[in-house]
Structures are given as C-alpha cells and as structure tokens.
Amino acid sequence: MEAGVALSELGRPTQDASRPVWVQLLLRSLHQRHMQIGLALTLFMIALAVLGPLFAPHSPSAFVAAPFSTPSAQAPLGTDYLGDDVLSRVLNGGASVVALSFAATAFGVLLGVIVGLIAGYSRSFVDDALMGVSDVVLSFPQIVLVLVFVSILGPKLWLIVVVVGLSHSPRVARLTRSVTLELIKREYVESAELLGISRRRIFVQEILPNLVTPLLVETGLRLTWSIGVIAALSFLGFGIQAPHADWGLMINENRSGLTQNVWSVMAPIMCIALFTIGTNLMTEGLSRTVTGIDSTGEAP
Amino acid sequence: MSVSAQDLAQLELASAPVVPRQRRNLWVLRRVLVGLATLVALSIVIFAATQALPGNAAKEILGHNGTPAEVATLTHQLGLDRPVVSQYLSWAGHAVTGNFGSSLANREPVTTLLDPAILKSAILLFLSATISLIVAFALGVLAAARRDRAVDHAINAFSFFFTAVPEFVIALWLVMLFGTTVFKILPAVSLFPPGAGAFSDPQVYVLPVATLVLATVPYLTRLVRGSMIDAMESQYVRMARYKGLSERRILVRHALPNALVPAIQGMAQNLGYLAGGIVVIEYVFGFPGIGTALTQAIGVRDIPVVQASSLILASFYVVVNLIADLLVVFVTPRLRTGG
C-alpha cells in the first residue's frame, strides 16, 4: 500500500480538500478591513520602491539646486544637503529598505523554522541546547547585536541580512517548536512514525501544513521589525552607505537642514512610517482572522 | 534554557505533595544560575564578534594607513598575539571587576569614559519606564472600563499606530513638532555643557523621554487592558457586584491586582526593549548616554568601548528579566506558598 494513502486513513483532521487551510485563511482575511488597507499600503510602498527609479525626474546624485532649497518646480520636495533632488532620492531610496528587510525576514523565519523543527522533534539534549542558544540570541537587544557584528566587520549588506535574520529566529523557533511538540503527540503522526514513514515525509506532509497558519502572523510581525531595524541601521550610518540613496540614510544626511527644507527629512520618514504601518495592518488583519478576536499585541 | 513562572506553576500543580518552600527555593536557584549562564554566553558572543573573528582586528582598525609597526603595537596592546581562550578569560576576568581596559581613541580607562554616560542613560531609562508604567495603567484601565466604546477604540488606534512606527520616526516627529519646525519650545538636541551635572538642564530629557514613553506604552496598555477585562468577567468580580460594591471600587480593589503579574512581565519586556531603543534615540538627540558611546565607538572602531557598552546593554536585559521572574514568583500567592 502506498504511504500517502495510508496517511489519509489515519484520522488526520479532515480539511477542505481543494485548498490548504492557510490559503483559505489568507482568502478569508481579504474580507478584513485591516488586511485590505494594509495590503494596499504595503503593495503601494513596494511599487514605489521598485518602480520609483523609473519615475524619478533627476538622477539621485545630480546637483539640482542649492543645498536645502525649499520645494520648487525643478525639485518638488526641495533639495538635500548636497543639492540633490529629494523626490528623486526618495524614489530611488526604497529598494534597499524593501530588499534588505524582506531578505532578513525570509532568512530569519527559515532559520527559526529549521531550528524549531529540529528542537521539537529531537526529544533529546539537542532540544535544550538549541533553545539555550535561542535564549542567548534573544537576550540581545536586536540593534545591539547587529551593531556588535558590524563594529569590526563593517556595514556589509550580507552581514546585516544574516544578523538581523538571526536576531528574529529565536521567536520563530520557539513558535515552531511548540507547534511541533503539540503535533507529534497526535495519533496520526505517531501512526505515521510506526508505519515507518520517513521523518522528512512527516515534516512535509503533516507538520509543515499545520505550521503555516501561526507562522504567517509571526512573519508579519518579523517583517515590521525588520523594516524598523534596517532603517534604523542606515539612519545610524551603519547600513547602506552614501552616495547610495536610502530612506534611513537620507534622514541622517539631512537632519542638519531640518529647519531649512523640512521635506528632506519628512519625505523619507513618511515612507518608512507608511511601510511599517502597512505591514503591521496586514499582520493585524491576519491575526484577527486567525483568532477571530482582537489580537493581544506583541512585545516592542 | 529558560524557566518561566508558568513552568513552575505547572510543576506545582502536577506534582504530588512536596515541601513547597524547598521546591520554590530550588526554582529560584535554578533561575539565577540560568541568568548567570546567559551572561557568560552574551560575553562570549560579544568577545567573538569583536575580537576573535578570523582576520587581524588590528589591521581592520587601522585600515590601509597602518604601518606594520603600528599594526604590531596594536596587536600586542589588544592582546591579539595570545591564544583566543586566554584573551577571553583575561578580558572577562577584568570585566567582572569593572575593568574594561583603556579606550583606543583617547587612552582613558573605559569606565571613566562610560560612568557619566551610564548615569545619564539610567536617568533616561528610569524616567521613561516610570512614566510609561503610569500612563499604560491609566489607559489600560480606562480602555477596559469603557470596553468597545469610543474611548477604547481611540486608545486601541493610538496603541496600534505607535507600535507600528519605528521609534526614531516618533523621535523625529517630536523634534519637528516641538523642537524645530512647528513650535520651538523644547531643545531638539540634548546638550550637556562640559562639567555640568546630569540635572543641569532638565529640559533636555523631555523629548527623549516622550519618545521612549510613546514607544513603550502601547504594549503595556494592551496587557493591562487584557488582564483587566479577564478579571471583570471573573466569578469574584461578579460576586463583588452581587454584594453591591460600586463599579469604581470593583475596578480598583478587585480587578486591578489581577493586572499586576502581566504588568511586571510587560515592564521587563519594555525595559529590555529600552536597552536597544536608547541606542537609536540617544543618537537622534545627541544624548550623551551609553548608546551614543556605543555608536561613536563603532564609528572609530574603539573595541574596548564597543565591548563594554554592548555588554552592559545586553546584561541589563538579562538582569531585568531575572528580577521580573523572581518578582512574579513572590507576588503570586499560589506560587509563593506552593498551595
């Protein structure tokens, strides 16, 4: 008898066969107002970041008018500390924020899921060891952990993605571990094990599908935090380096001209704020759809 | 591995009659040991990232301009010519006694450099945490008492907004609003004249504290609101209502204590968050605290200062969580007596 057939007869919770649960959940969340506004906002900001360079009136590093000029026909949002067009730099400065924060989130969630699965499934000292390491990583304030690593190695982009991802992974690992521990106690997983079905197959067919729903909300939270940390790093001067355009970096560069051309700081700030509000609204919508009640919030 | 108060509660409930006090003491001992082990692990990570990485840290610090002689001197000064384990042990041994070596930038002992910064950051943290606690309790209780009404929704929207937006964005909005563009009533930069004490100009604390309060209030408010609502629906509050107690008295005397444990845990989370938050916020305001010391030291690759300030910030989180866990055990009657 085929293993796949056997599994379906072992009392696995019945689901709508046509679509996985998490797809149904996503579709259902689209009726949620938080989700609708958040998704629209997030997609708009991503589009702005990706397609922005096509619409920029000037090169992001071309001198347009005197430094910190107020808005004019030439430069609709005025100029920055070097006399470059603020609008063009804003349109060019989102790609790095979006790319780095998505990459860091993806890496962190992937790492967390792998660690959590191994810890939850190991039933040995490996569990204690992995969770111990997670707790140490969790003890670092995120920004401090990243700063410690860039202090000597320098602000390399891969390093930022890896360390920000690493700082996210413990929470994902804990969540994955607790779901896994819960699942492997269930009869259909025990039966599958007794039937000699490989662990990999049990992961893929039984555990992963049940992980996706709680992970969706967690991933949303992680994404919002990634955007904040990555923008903060650039703002501190340890992220993307000049002369590249980057929202966080722009804030830092133009702070001294706040009183002369407020848009040179306000424009990148609003982009970061709208992006994080968008991703957070999406997460809130998802979480309300999953729980059916108000979400409890998350540690800052 | 961490042991939470919940673990202890489960242990108490699941086990056969035991000597409760002894069991609790064992738990406390174990929790303290876990905290100490975490501190050691933190110091290893910081040391490894700053001094034990492959490649020559001395060369990295001096850049392309360093002559071989300079590199050799710095290598010796940092102790990089010794085995890694012995480097770590001597660094950690000195760190325990509060000796973090000398700053590479100006040759002063690191502690002389950091002490005034730590004091100012501590004041910043204390003010922020205290005000945040008071505001969060007020808002949380108010939201719970007016559940699902306009006030509740307004508080919810406020919480949502300030949770979503990164803290340095809040800081810069406040600067524009009160420091530079709209009103010019508060200092946008936290200047301390040389030699002046930490309280020479209390105004410089206003905007940094306001930022950190806005960033930490939402999480705590939601916790307080949640536990108040749980309490309001409980049997004992219904009983109090039957007895004819006023709603106000029920709220303050019967429901509020229920928010104590979540509030302690929420405060610990918030303080831990603040240890990272002050790094960015101090930078925004040029506030001369430990966060600024860290970012400046990274800028000039002053390793001893980077090590000391990051270790202090990270240890703070561990210690706060340890204290919070112990507090929870001592304020929860069921855990205190084991009954």
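Since the model is a prediction, treat every value here as computed from it, not as a measurement.

When its secondary structure is counted, chain B shows 15 helices and zero strands. Evaluated residue by residue, chain B yields a buried proportion of 40% over its 339 residues. Put simply, of all contacts in chain B between residues at least 6 apart along the chain, 72% involve residues at least 24 apart.

We now examine the overall build of chain A. Within chain A, the secondary structure is distributed over 12 helices and zero strands. The linear arrangement of helices and strands in chain A, starting from the amino end, is α-α-α-α-α-α-α-α-α-α-α-α. Residues classed as buried in chain A amount to 50% of the 300 residues present. Long-range contacts, defined as pairs at least 24 residues apart, comprise 71% of the intrachain contacts of chain A with a sequence gap of at least 6.

Glancing now at the nonpolar core. Of all hydrophobic cores here, the largest spans 149 residues; its most connected members are Val-146 and Ile-230 of chain A. The greatest single-element share of this core, amounting to 15 residues, is contributed by helix H12 (residues 260-285) of chain B. Ignoring sequence-local partners within four residues, the contact set of Ile-230 of chain A consists of Val-97, Leu-100, Ser-101, Ala-104, Ile-160, Val-164 and Gly-239 of chain A. Among the nonpolar cores identified, the runner-up in size contains 16 residues, and Leu-117, Ala-119, Leu-130 and Val-172 of chain A belong to it.

In this section: the interface of chain A and chain B. Accessible area lost upon the coming together of the parts serves often as the stated size of an interface. With 40 residues of chain A in contact, the opposing surface of chain B contributes 48 residues. Of all the secondary-structure elements, those providing two or more residues to the side of chain A that touches chain B are helix H6 (125-139), helix H7 (142-153), helix H10 (199-236) and helix H12 (263-291) of chain A. Looking at the side of chain A that touches chain B, the element that brings in the most residues is H7 of chain A, giving nine residues.

Attention now goes to the confidence of the model for chain B. Residue and element names in this part refer to chain B. Of all residues in chain B, 86% attain a pLDDT of 70 or more, and the chain-wide mean is 80. Looking across chain B, the model is least confident in helix H1 (residues 5-14), with a mean pLDDT of 48, and most confident in helix H13 (residues 290-299), with 89. Under a pLDDT of 50 for its full length, residues 9-18 has, in the predicted model, four contacts with residues more than four places off or in other chains. ipTM for the predicted complex: 0.83, alongside a pTM of 0.84.

Below, the discussion takes up H12 of chain A. Helix length check: H12 of chain A (29 residues) gives 41 Å between terminal C-alpha atoms against 42 Å at 1.5 Å per residue, within 8%. Most of H12 of chain A is tucked away: 22 of the 29 residues are buried.

The next point concerns unusual backbone geometry. All names here are of chain B. The backbone phi angle of Asp-148 is positive, close to 65°, even though this residue is not glycine. Here Asp-148 lies in the loop between helix H6 (110-145) and helix H7 (150-164). Of note, Arg-301 is a non-glycine position whose phi angle comes to about 55°, a positive value. The exposure class assigned to Arg-301 is partly exposed, which follows from the 19 C-beta atoms found within 10 Å.

All right, on to the packing of H10 of chain A against H12 of chain A then. All names here are of chain A. Relative to each other, H10 and H12 sit at 165°, their axes nearing to 9 Å. On the basis of their axis angle, the class for H10 and H12 is roughly antiparallel. In terms of crossing hand, the pair formed by H10 and H12 is left-handed. Contacts between H10 and H12 pair Thr-213, Leu-216, Val-217, Gly-220, Leu-221, Leu-223, Thr-224, Ile-227, Gly-228 and Ala-231 from the former with Ile-272, Phe-275, Thr-276, Thr-279, Asn-280, Met-282, Thr-283, Leu-286, Ser-287 and Val-290 from the latter. Grouping the constituent residues of the contact of H10 with H12 by class yields 11 nonpolar, nine polar and no charged.

Time to look at the environment of Tyr-81 of chain A. Residues and elements named next belong to chain A. Turning to its location among the elements, Tyr-81 is positioned in the loop between helix H3 (33-55) and helix H4 (86-92). In this structure Tyr-81 comes out as partly exposed when scored by C-beta crowding, with 18 C-beta atoms within 10 Å. Contact partners of Tyr-81, with chain neighbours within four places excluded, come to Pro-67, Phe-68, Glu-253, Asn-254, Ser-256 and Gly-257.

Residues and elements named next belong to chain A. When you line up the elements, Val-146 lands in helix H7. Given 28 C-beta atoms within a 10 Å radius, Val-146 is considered buried. Sequence separation between Val-146 and Leu-166 is 20 residues; the distance between their C-alpha atoms is 9.4 Å. The residues touching Val-146, leaving out its near neighbours within four places in the chain, are Ile-160, Val-163, Val-164, Ser-167, Val-229 and Leu-233.

All names here are of chain B. Secondary-structure assignment places Ile-131 in helix H6. For Ile-131, a count of 16 C-beta atoms within 10 Å puts it in the partly exposed group. Spatially, the C-alpha atom of Ile-131 lies 8.6 Å from that of Val-209, the residues being 78 residues apart in sequence. Residues in contact with Ile-131, not counting those within four places in the same chain, are Val-209 and Val-213.

Attention now goes to the confidence of the model for chain A. Residue and element names in this part refer to chain A. Mean pLDDT over chain A: 82, with 91% of residues reaching 70 or higher. The weakest mean pLDDT in chain A belongs to helix H1 (residues 3-8) at 44; the strongest belongs to helix H5 (residues 94-122) at 91. Across residues 1-15, confidence stays below pLDDT 50; counting only partners more than four residues off in sequence or on other chains, it has 15 contacts. Of the regions scoring below 50 in pLDDT, residues 294-300 engages in 20 contacts with residues more than four places distant in sequence or in other chains.

So, how was this worked out
Residues numbered from 1 in each chain as written. Chains lettered and ligands numbered in written order. Predicted model: local features only at pLDDT ≥ 70, side-chain atom pairs only at ≥ 80, totals over all residues. Helix = DSSP H or I, 4+ residues; strand = E, 2+ residues; numbered from the N terminus. Buried ≥ 20, exposed ≤ 12 C-beta atoms within 10 Å, placed from the backbone. Contact = placed C-beta atoms within 7 Å. Core = buried A, V, L, I, M, F, W, Y, C linked by C-beta atoms within 7 Å. pLDDT = per-residue confidence, 0-100. Expected span 1.5 Å × (residues − 1). Axes fitted to C-alpha atoms, helices over the stretch in contact; angles between N-to-C directions. Parallel < 35°, antiparallel > 145°, perpendicular 65-115°, else oblique. Left-handed = near helix turned anticlockwise from the far one by under 90°. Nonpolar A, V, L, I, M, F, W, Y, C, P; charged D, E, K, R; others polar.

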